[in-house]
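# Close look at the chain arrangement
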Amino acid sequence: MYIMFSGSGVSKRSALLLLFAASSSVSTRNMAAPVESKIDCILFSEFHPTAGPKITYQVPEDYISKELFDAIHIYIITKPQLQGRLIMANVFGKKIMGCPVCIDHPKYARNALIFNICFVFASTANSRPYEKIVRKLSTYLISLEKDSGLISNEDSKTKLPKIMSQILTDLNEKGSCAVQVADEVTTIYLKTVQVTSTPTEVHLHDVPIFTVKKDSFFPQQWDLTTQQILPYIDGIRHISRIAAEADVAISLVKSCTENMLYYGVITLLPIFQYSNVYTVTAKINHLAEDVTLQNECIKYAIKAES
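None of the values given here were measured: they were computed from a predicted structure. (Residues numbered from 1 in each chain as written. Predicted model: local features only at pLDDT ≥ 70, side-chain atom pairs only at ≥ 80, totals over all residues. Heavy atoms only, no water.)

Let's shift gears to empty space enclosed by the protein. For the coordinates displayed, the defined rule picks out one cavity of 30 Å³ or more. In this structure, the largest cavity spans a volume of roughly 50 Å³. As for the largest cavity, its lining consists of 13 residues, of which Tyr 75, Ile 76, Ile 87, Ala 89 and Ile 96 are closest to the centre. Elements with a minimum of two residues in the lining of the largest cavity: strand E4 (86–91), strand E5 (94–98) and strand E7 (112–122). Here the residues of the lining of the largest cavity are counted per class, giving 11 nonpolar, two polar and no charged. (1 Å grid on protein atoms, 1.4 Å probe; cavity = no way out; pocket = protein on both sides within 12 Å on 5 of 7 lines; lining within 4 Å. Points joined across faces, edges and corners; volume = space filled by probe spheres on them. Helix = DSSP H or I, 4+ residues; strand = E, 2+ residues; numbered from the N terminus. Nonpolar A, V, L, I, M, F, W, Y, C, P; charged D, E, K, R; others polar.)

Glancing now at the layout of surface pockets. The gaps of empty space that remain are located by a probe, the size of a water molecule, rolled over the atoms. Estimated volume of the largest pocket: approximately 660 Å³. Surrounding the largest pocket, 20 residues form its lining, Ile 209, Gly 235, Leu 269, Cys 297 and Tyr 300 being those nearest its centre. At the level of secondary structure, the elements contributing two or more residues to the lining of the largest pocket comprise strand E10 (207–210) and helix H10 (291–301). Per-element tally for the lining of the largest pocket: the top contributor is H10, with five residues. Of the residues that constitute the lining of the largest pocket, the class distribution is 13 nonpolar, two polar and five charged.

Generally speaking, soluble globular proteins have nonpolar side chains that are buried together. One finds Phe 44, Phe 119, Leu 141, Ile 167, Leu 171, Ile 188 and Leu 190 to be the most contacted residues of the largest nonpolar core, which totals 38 residues. Sequence-distant contacts of Phe 119, defined by excluding residues within four places in its chain, comprise Ile 39, Cys 41, Ile 42, Lys 95, Ile 96, Met 97, Tyr 130, Ile 133, Val 134, Leu 137, Ile 167 and Leu 171. (Core = buried A, V, L, I, M, F, W, Y, C linked by side-chain atoms within 4.5 Å. Buried < 20%, exposed > 50% of the residue type's maximum accessible area, 1.4 Å probe, protein only. Contact = heavy atoms within 4.5 Å.)

Moving on, we get to the confidence of the model for the chain. Of the residues in the chain, 83% have a pLDDT of 70 or more, and the chain-wide mean is 83. Put simply, helix H1 (residues 12–23) is where the chain has its lowest mean pLDDT, 36, and helix H7 (residues 239–246) is where it has its highest, 95. The low-confidence segment residues 7–35, where pLDDT is below 50, has 40 contacts with residues more than four positions distant or belonging to other chains. (pLDDT = per-residue confidence, 0-100.)

Bringing the pattern of salt bridges into the picture now. Within this structure, the stated rule accounts for six salt bridges. We note a salt bridge from Glu 154 to Lys 157, for which the minimum N-O separation is 3.3 Å. Pair noted here: Glu 154 and Lys 157 are both in helix H4 (residues 154–157), with a separation of three residues, about one helical turn. What makes Glu 154 exposed here is its relative accessible area of 53%. Judged by its relative accessible area of 4%, Lys 157 is buried. The structure contains a network of salt bridges with shared partners spanning Asp 234, Arg 237, Arg 241 and Glu 245. (Salt bridge = Lys/Arg side-chain N within 4 Å of Asp/Glu carboxyl O.)

With that settled, consider helix H8 (residues 250–262). For H8, built from 13 residues, the straight-helix expectation of 18 Å at 1.5 Å per residue is met to within 8% by its first-to-last C-alpha distance of 18 Å. What H8 keeps buried is the set Val 253, Cys 256, Thr 257, Met 260 and Leu 261. Taken down its axis, H8 places every buried residue within 145° of arc, on the same side. The inward-facing, buried residues of H8 abut E10, helix H6 (224–229), H7 and strand E11 (266–269). Among the residues trailing H8, Gly 264 stands out with phi positive, at a value near 70°. (Expected span 1.5 Å × (residues − 1). Arc of directions from axis to C-beta.)

Below, the discussion takes up the side chain of Thr 187. Note on placement: Thr 187 falls in strand E9 (residues 187–191). Taking the relative accessible area as the measure of exposure, Thr 187 reaches 19% and is therefore buried. If sequence neighbours within four positions are ignored, Thr 187 has contacts with Tyr 140, Ala 178, Val 179 and Gln 180.

Turning our eyes to something else, we now look at the pairing of strand E6 (residues 101–104). On any regular strand, side chains alternate: one points to one face of the sheet, the next to the other face. The side-chain alternation of E6 yields one buried face, formed by Val 101 and Ile 103, and one unburied face, formed by Cys 102 and Asp 104. Taken together, the four bridges between E6 and E7 define a ladder with antiparallel strand orientation. When the sheet's bridge partners are listed, Val 101 is paired in E7 with Phe 115. (Pairing = 2+ DSSP bridges.)

A word on the packing of H7 against H8. Two elements in contact, H7 and H8, have axes separated by 9 Å at closest approach and are oriented at 120°. Between H7 and H8, the crossing angle belongs to the class labelled oblique. Handedness of the H7/H8 crossing: right-handed. Between H7 and H8, the contacting residues are Ile 239, Ile 242 and Ala 243 on the first element and Ile 250, Val 253, Lys 254 and Thr 257 on the second. Tallied by class, the residues present in the contact of H7 with H8 amount to five nonpolar, one polar and one charged. (Axes fitted to C-alpha atoms, helices over the stretch in contact; angles between N-to-C directions. Parallel < 35°, antiparallel > 145°, perpendicular 65-115°, else oblique. Left-handed = near helix turned anticlockwise from the far one by under 90°.)

Here it is in structure tokens:
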């Protein structure tokens, strides 16, 4: 479960109402169309014993101004009721995601160490692939603090900007990272998880066709039933025909097809019927200009050698 705050001027009363909604397992999502999910900034904030909530480090520097932080810090360094929960604040054109941490121990000033490492995105960015990453990174920092005092020790804390910079770069470029902490014992492993929408329902007259080359994956990657129907997927046979020729129950063929749709290996075409009227679209002009497309068209249309 996560809690999301949205708005350019969120009042404390609104925050309390949203807190009540969260306790009832109700969440509010940003309904704007998502854009490509890139992390704009990673910031580390903590509660200083005398100065209060503050930004200790951020990569890149000065991305979040002090004025903006002062206006939204109640969603970053939160009250105890929200600590340990994933929180998103969509405010002032930015989406800030974090998981506030509080480690209670007498050795800390005020008997607690309170901090939060946050990812910052554009307000309409699709941040869902990073939800588990933020939680996992928060867990890593808790472990590193308990084992070596990474955060409470002022000397070791200076290593955080380098760690944050590598996480930002690697996640944006590769979608994963393996960051070795200075003690060369602990490695932070993070990887984005793409959230795929539920595939459309498969009908008996649908014709599956591969969106990737057949030789780009091994049939052994799939279950036995999927392996049995793979040879019959050719862009011509429909679901009913595949089930009959492969001698597999229709319900199983539909289930396997939905599974392959989910992973983007195939797509569905309407069945070809002589009673229909077909016409080309304006995109046919690309065929006259694109040599690569011409070659692909020829390879697809020619009859395979027997």
